[in-house]
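Listed below are the residues making up each chain.
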Amino acid sequence: MRVTFIGGILLLLIALGVPVSGEEPAPVPSCGDCHDEQFKPFATNPHGHGVGQAPSPVTPDAGQAGAPVPHIPNAVCESCHGDGKAHIEGGGDKSLIFKPAGLAGSDKTCLTCHDIANDRVSRHGGAHANSTTVNCLTCHSIHTSKATHLLAKPQLALCATCHSTQVASFRNKPYAHRLGSGGMECSSCHEPHGRPGRDMLRKTVSGELPCVNCHTQKRGPFVFQHGSFAIGDCLTCHEAHGSSNRNRLIRSNVAQLCLECHSPIGGGRTLGSQPPSFHNLSLARYQNCTTCHVAVHGSDRDPQLMK
Amino acid sequence: MTIKRLFALLLFTAAATAQAQTAVPFDLEAGYRWLDLKGSSGMYRTQINEHSGFLIRNFSLTTTSVGDRFRVTASDFGASPTGALRVEADRRGLYRFTLGYRSADQYSIFPSQHFYNRTRRMLDADLEIFPEERIAPFIGYSFNRFAGPGETTYHFGQDEFLLRQNQKDVEQEIRGGATFKFNRVYGSFTQGWRRLNGTGDFSLLAGANAGNNDDPILGHQISATDITRHDKTRVRTPFTSFYITGDVFQRVRLIGNYVRFAAESKGNESEATAGSFASFAISRFFNGATELETSKAKNTTWRGGARAEVNLTDGIDFLAGYQREHRDLDGEALINTLYLQSITFGGVDQRDFTTVLNATSSIDRDEDVVSAGISARKLGPISFRAEIRQSKLDVNVAPDLEEIVVPGSQGGSFERRVNTFDTNAQYSNNGVTVGVAWRSDHGDAPIFRTDFDDRDRYRLRAQWNAPKWVRLGALAERTTMSNDDSSIDFKGHIAQYSGDIEVTPWPLLSLRASASRFEADSTILIRRPETFATNTSVHTENGNSREAGATLNLKRLTLDADVTSFSNAGSQPFKLDRYRTRATIPIKGRYGLALEYSKDKYDENSAFDFDATRWGVFVRITQ
C-alpha cells in the first residue's frame with residue numbers, strides 16, 4: 001500500500017510539472033548570455049527566488065513595447081559577485097568581477113545573509129567555523145548543486161572527505177544505520193554548523209539526543225527508568241556509528257557490558273553497583289542479561305526490567 | 001494498486017512528460033531486483049534486509065510551475081528496507097514548505113530468543129508563512145509509527161517462556177511558533193504538543209510450554225499452559241523552546257536559549273497465566289496468576305543558557321557561555337498480583353494469594369556547564385580554536401529505581417565534575433591541509449563504574465589535493481581513558497586510522513582506494529555473580545578495512561565498482577566482504593538502463609553466516 005501511496009504522490013507531482021512544458025523559452029538575462037551553465041540550473045536554485053517565472057507585464061521602462069522582461073535580473077548575480085557593469089563592458093574580463101572563493105569569498109558573500117547564531121549554531125565559534133580549511137564553499141556548491149542544501153556532493157561522500165574513518169565504519173561494519181538511504185544522513189544526527197562539544201549533536205526540538213527522533217518508544221518516561229539512560233544517555237551502552245557488535249552495543253558480550261556497572265566492588269560507591277544476583281554466567285541462559293531483562297531501557301511494570 | 005501497475009504507470013507518465021519537451025528537470029529510475037541468499041536469513045535481514053521485488057530506485061523533479069520552486073525527491077521505495085520522500089516548495093515572501101516521509105523496515109534476531117520484524121513510518125511537515133517578514137509564523141506536524149510482530153522472553157514462575165509479541169507505538173506531534181527579526185535582534189519561539197500511544201499484546205508461543213529451564217524447581221516441574229498479556233501506554237508531552245540572539249554592540253553578540261518539556265505517561269496492564277509455577281518471592285508453588293497494573297511517570301526537563309561571542313578583531317572571537325539543565329523524573333506503579341491455588345513449598349496452606357507492590361521512583365539531575373574559549377579563523381593559512389569547559393553533575397536517585405536485580409538501598413546522591421580542555425589547529429595552503437586536535441577531560445568521583453578519571457582524545461588529519469588528478473588523505477584518532485581506583489581499574493583505548501587516495505588520470509576515469517584500522521581495547525574489574533570472585537572484563541576490537549573502487553564515465557557507459565573487505569579479530573571475530581557494481585547505459589534519447597550487482601558475504605564461522613547476491617535491472621528516464 002505504501003508503494004501505491006508514494007507512487008500516487010509521484011504521479012501527481014509529475015502531472016504538476018507538465019503544464020510548463022509548452023512555455024516558450026525565456027529570454028536570457030545579460031549575465032546568462034555568457035554564463036549559460038550557471039544560468040540554467042539557477043531557476044530552481046534556492047537563491048533563484050523570482051527567477052524563471054513567466055515574463056512580467058510590460059512597463060514603460062522595459063524599452064520597446066512588448067519586450068519581455070529578463071528572467072534573471074543581473075541584480076541576482078550581483079548580490080554575490082558585485083557590480084558586473086565593468087565586467088560586461090570589458091567583454092567578460094575576469095579581473096573585473098568578484099569571484100567568491102575560500103574564506104574571503106564566504107565571509108564577503110555567504111555570511112552577509114547567513115551569519116546566523118542561535119542555541120545550536122555558530123558560524124564564528126562552531127567546530128566548522130568559517131576558516132581557510134573549512135568554509136561555506138568547501139561544502140556548498142552555489143550554482144549547480146543537485147543535492148539538498150546546495151551541497152557539493154551527496155552528503156555521505158562529502159563528509160567522507162574529512163571524516164573517512166567514521167564513514168568507513170558505517171559502510172564496512174556489519175551493524176550500522178543505513179546512511180545515504182531512506183533519508184538517513186550524517187546531518188540527521190549532527191549539526192554541521194554546530195558548536196564543539198557533544199560532537200555537534202542535533203538535538204530534538206525539545207532538547208533531547210537525536211536518537212529519540214526516530215526511536216520514540218525509548219523516550220519514556222518510565223516508572224523504572226534504567227539509570228544509565230536517565231543520567232547518561234543512549235551512548236552509554238550503544239555505538240551510534242557502524243559497529244562490530246550486535247545491537248550496536250559498545251561490548252560484544254551483553255553480560256560483560258552490564259556487569260561493568262553492576263559489580264559490587266569497593267563498597268558500592270557508584271550507582272547500580274549492587275550484587276548482580278546469583279546467576280551462573282557459565283550457563284548459556286545467563287550470558288545474555290537482556291534475554292530476561294527485556295525492558296532494559298525502562299519499564300512501567302517491573303522494577304527488575306523484565307517486562 | 002500493485003507495484004507492477006504502479007511501475008508501468010510511472011513509466012507511461014514519465015514518458016509522456018519527456019515527450020512534451022518539458023523544461024522540467026526530471027529523473028526516474030525504477031526496476032526489479034533479485035536476491036539470491038545462502039545461509040542465515042535472520043542475520044542477513046538483521047544487517048541488510050534488501051529483498052526481491054520492484055524498486056523505485058530514484059525519482060526527482062524540480063519545477064517552477066508551483067510557487068517559485070517546487071522540488072520532490074524520492075528513493076528506494078519497494079523492495080528496500082528504507083525509503084524516503086522529500087518535498088520542498090517555496091514562494092518568495094509568502095511561504096516555505098517542507099515535507100519529509102521516511103520508512104524503515106527493522107528486523108533483528110538479537111538478543112538470543114528474541115526477534116522483531118517491525119516497520120517505522122515517519123512524516124514531518126513544516127510550513128513557514130511570510131518567511132521574510134519581521135515576524136514569520138510557522139506550524140509543523142510529525143508522525144512516527146513503529147509496529148509489527150516479534151518474539152520475546154518472559155520470566156515468570158522461576159522459568160522463562162517464549163511469547164509472541166505484537167507491538168504498536170504511534171507518536172504524533174504538532175508545533176507552532178514564530179521566528180522574529182527586529183534590527184539586530186532575532187530569534188524563535190516554539191510551542192508543541194506530543195502524544196504517544198503504545199499497545200502491546202503478548203501470548204505464549206506454540207511449543208514453548210516447558211520453558212527454558214528443564215530442571216525442576218524444588219522438585220516441582222515448571223510449565224505454562226497459557227500466558228496472555230496486554231499493555232497500554234499513553235504519554236503526553238507539551239514542550240516549549242525559545243532562543244534569542246542580539247548583536248547588541250558592533251562586536252558583541254549575545255545568545256540566550258531556553259527549552260522545557262514535561263512528559264507524563266500513564267500505563268495499565270492486564271495479565272493472565274495458567275500452568276504450574278513457583279515463586280521464591282512468596283515462597284509458594286501456584287497454578288496460575290492474574291495481574292493488574294497501573295502506572296504513572298513524569299519527566300520534567302528544562303535547560304537554559306546564555307553565551308556571548310565577542311569579535312576582538314577581524315577573524316578572532318572570544319566565546320563564553322553558561323548552561324544549566326534540570327531534569328526530574330518521578331514514577332509510581334501499583335501492581336496487584338493474585339496467585340491462584342498456591343501452596344507453600346512445604347505443600348500446605350492451599351489458597352489464592354495476593355501481593356500488592358506499590359513502587360515509587362525518582363531522580364533529580366542538575367547539570368551546569370560553563371565554558372570560555374577563543375576562535376581565530378584568519379591567521380593567514382592557519383586557524384585555531386581553544387576552549388575550556390567545566391561541567392558539574394548533581395544526581396539524587398531514590399532507592400527503588402536501581403533495584404534492577406536485587407532489592408536493597410542502592411540509591412543516593414552523586415556529584416561529578418569534569419574539566420575539559422579542547423583545542424584544534426589547522427593549516428591550509430596550496431592544496432595541503434593539516435589539522436591537529438586534542439581534547440583532555442579530567443573527572444573526579446565517578447557516578448557509574450565506567451566513568452573515567454582521565455580521558456584524552458588526539459586527532460591528526462592531513463590531506464593533499466594539489467594536482468587536480470590526485471587527492472591523498474589520512475586520518476588518525478586515538479582516545480584513551482582510565483580510572484585508577486583500585487576497585488575499578490578501568491583502562492581503555494579506542495583508535496581509528498585511515499588513509500585514502502583518489503586518482504583521476506583522465507577525466508573519464510576515477511580510481512580510489514582506502515585502508516582503515518579500528519582498534520578498541522578495554523579492561524575493567526567485575527564481580528562474577530556465581531562465585532563473587534573478582535574478574536577482569538576484557539573487550540577488544542581489532543578491525544581492518546580495505547576498500548577499492550573505480551568510476552568510468554564513457555559516452556555510452558558509466559561504470560561504478562567497489563570492493564570492500566572488513567575483518568575483525570577481536571572479541572567478536574568475523575569477516576565481511578562486499579562487492580558493488582553499477583552500470584548505466586543510455587538507450588535512446590532520455591531513456592537508459594541501469595544494471596546493479598551487489599554481494600555481501602558474512603562469515604563468523606557460525607550458523608549466522610550468509611552469502612547474499614543481488615542483481616537489479618532499472619529503467620532510467622532523465623529530462
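Fair warning: this is a prediction, and the values are worked out from it, not measured in the lab.

### Focus: the overall build of chain A
- When helices and strands are tallied, chain A shows twelve helices and two strands.
- In sequence order, chain A lays out its α and β elements as α-α-α-α-α-α-α-α-α-α-β-α-α-β.
- A burial count over chain A gives 43% of its 307 residues as buried.

### Let's talk about the overall build of chain B
- Across its full length, chain B carries two helices and 26 strands.
- Overall, the C-alpha framework of chain B stretches about 90 × 65 × 50 Å when taken along its three principal axes.
- Each of the 623 residues in chain B was classed as buried or not, and the buried ones make up 34%.
- Intrachain contacts of chain B at a sequence separation of at least 6 include 58% that bridge at least 24 residues.

### Remarks on helix α12 (residues 254–261) of chain A
- By the criterion of burial, α12(A) is predominantly enclosed, with eight of the eight residues buried.
- Restricting attention to buried positions, one finds in α12(A) the residues A:V254, A:A255, A:Q256, A:L257, A:C258, A:L259, A:E260 and A:C261.

### So, the environment of A:G207
- Looking at the element boundaries, A:G207 is found in the loop between α9 (164–172) and α10 (211–214).
- Ignoring any residue separated from it by four or fewer positions in sequence, one finds A:G207 in contact with B:S241, B:V259, B:T301 and B:R303.

### A closer look at the domain arrangement of chain A
Residues and elements named next belong to chain A.
- Splitting chain A by domain gives domain 1 (102–200) and domain 2 (215–299).
- Taking the mean C-alpha position of each, domain 1 and domain 2 sit 33 Å from one another.
- Partitioned by chemical class, the residues of the side of domain 1 that touches domain 2 number five nonpolar, three polar and one charged.

### Considerations on the confidence of the model for chain A
All names here are of chain A.
- Here chain A averages 80 in pLDDT, and 81% of its residues register 70 or above.
- Note on residues 15–26: pLDDT is under 50 here. Beyond four places in sequence and across chains, it has 26 contacts.
- pLDDT under 50 marks residues 53–70. Its contacts with residues more than four places away, or in other chains, come to twelve contacts.

### Remarks on the interface of chain A and chain B
- Listed per partner, the contact involves 111 residues of chain A and 160 residues of chain B.
- Counting residues per element, the side of chain A that touches chain B draws most heavily on helix α1 (residues 2–17) of chain A, at twelve residues.
- Partitioned by chemical class, the residues of the side of chain A that touches chain B number 44 nonpolar, 55 polar and twelve charged.

### Topic: the environment of B:F202
All names here are of chain B.
- Following the sequence through the fold, F202 ends up in strand β9 (residues 185–204).
- Here F202 falls in the buried class, since 22 other C-beta atoms lie within 10 Å of it.
- When residues no more than four places from it in sequence are discounted, the contact partners of F202 are L163, R164, Q165, T228 and R229.

### Observations concerning the pairing of strand β20 (residues 490–506) of chain B
Residue and element names in this part refer to chain B.
- As paired strands, strand β19 (residues 470–483) and β20 are joined by 14 bridges and run antiparallel to one another. The partner of E477 across the bridge, within β20, is Q496.
- With antiparallel pairing between neighbouring strands as the criterion, β19 and β20 make up a hairpin whose turn holds six residues, including D489 at a positive phi of roughly 45°.
- Sheet topology note: the β20/strand β21 (residues 509–527) ladder contains 14 bridges and is antiparallel. Counterpart to W506 in the pairing with β21 is L509.
- Hairpin connection between β20 and β21: a loop of two residues separates the two successive antiparallel strands.

### A closer look at the environment of B:R260
Residue and element names in this part refer to chain B.
- Here R260 is to be found in strand β11 (residues 252–279).
- A C-alpha to C-alpha distance of 7.5 Å links R260 and T300, two positions 40 residues apart in sequence.
- Once residues within four sequence positions are removed from consideration, R260 is found in contact with F239, T240, T301 and W302.

### Re the pairing of β19(B)
All names here are of chain B.
- Note that strand β18 (residues 454–464) and β19 share eleven bridges and pair antiparallel. Paired with D456 across the two strands is T480, which belongs to β19.
- If you look at the hairpin formed by β18 and β19, you'll find five residues sitting between the two strands.

### Considerations on the nonpolar core
- Of all hydrophobic cores here, the largest spans 28 residues; its most connected members are A:V254, A:L257, A:C258, B:V395 and B:I447.
- Elements that contribute at least two residues to this core include exactly α12 of chain A together with β15 (382–397) and β21 of chain B.
- Ranked by residue count, the leading element in this core is α12(A), at six residues.
- Every residue in contact with B:I447, bar those within four places of it in the chain, is listed here: A:I231, A:T270, A:L271, B:L393, B:V395, B:F414 and B:R416.
- Residues B:Y154, B:L162, B:L204 and B:Y339 belong to the second largest nonpolar core, which totals 17 residues.

### Re unusual backbone geometry
- Cis geometry marks the peptide bond from A:G220 to A:P221; its omega dihedral reads 5°.
- Residue B:P111 follows B:F110 across a cis peptide bond; omega there is -5°.
- Note on placement: B:P111 falls in the loop between β5 (95–108) and β6 (115–129).
- In this model, B:Q341 sits at a positive phi of 50°, which is unusual for a non-glycine residue.
- Inspection of the secondary structure assignment puts B:Q341 in strand β13 (residues 316–344).

Thresholds, definitions, all that
Residues numbered from 1 in each chain as written. Chains lettered and ligands numbered in written order. Predicted model: local features only at pLDDT ≥ 70, side-chain atom pairs only at ≥ 80, totals over all residues. Helix = DSSP H or I, 4+ residues; strand = E, 2+ residues; numbered from the N terminus. Buried ≥ 20, exposed ≤ 12 C-beta atoms within 10 Å, placed from the backbone. Contact = placed C-beta atoms within 7 Å. Domains from an automatic or database assignment. Nonpolar A, V, L, I, M, F, W, Y, C, P; charged D, E, K, R; others polar. pLDDT = per-residue confidence, 0-100. Pairing = 2+ DSSP bridges. Core = buried A, V, L, I, M, F, W, Y, C linked by C-beta atoms within 7 Å.

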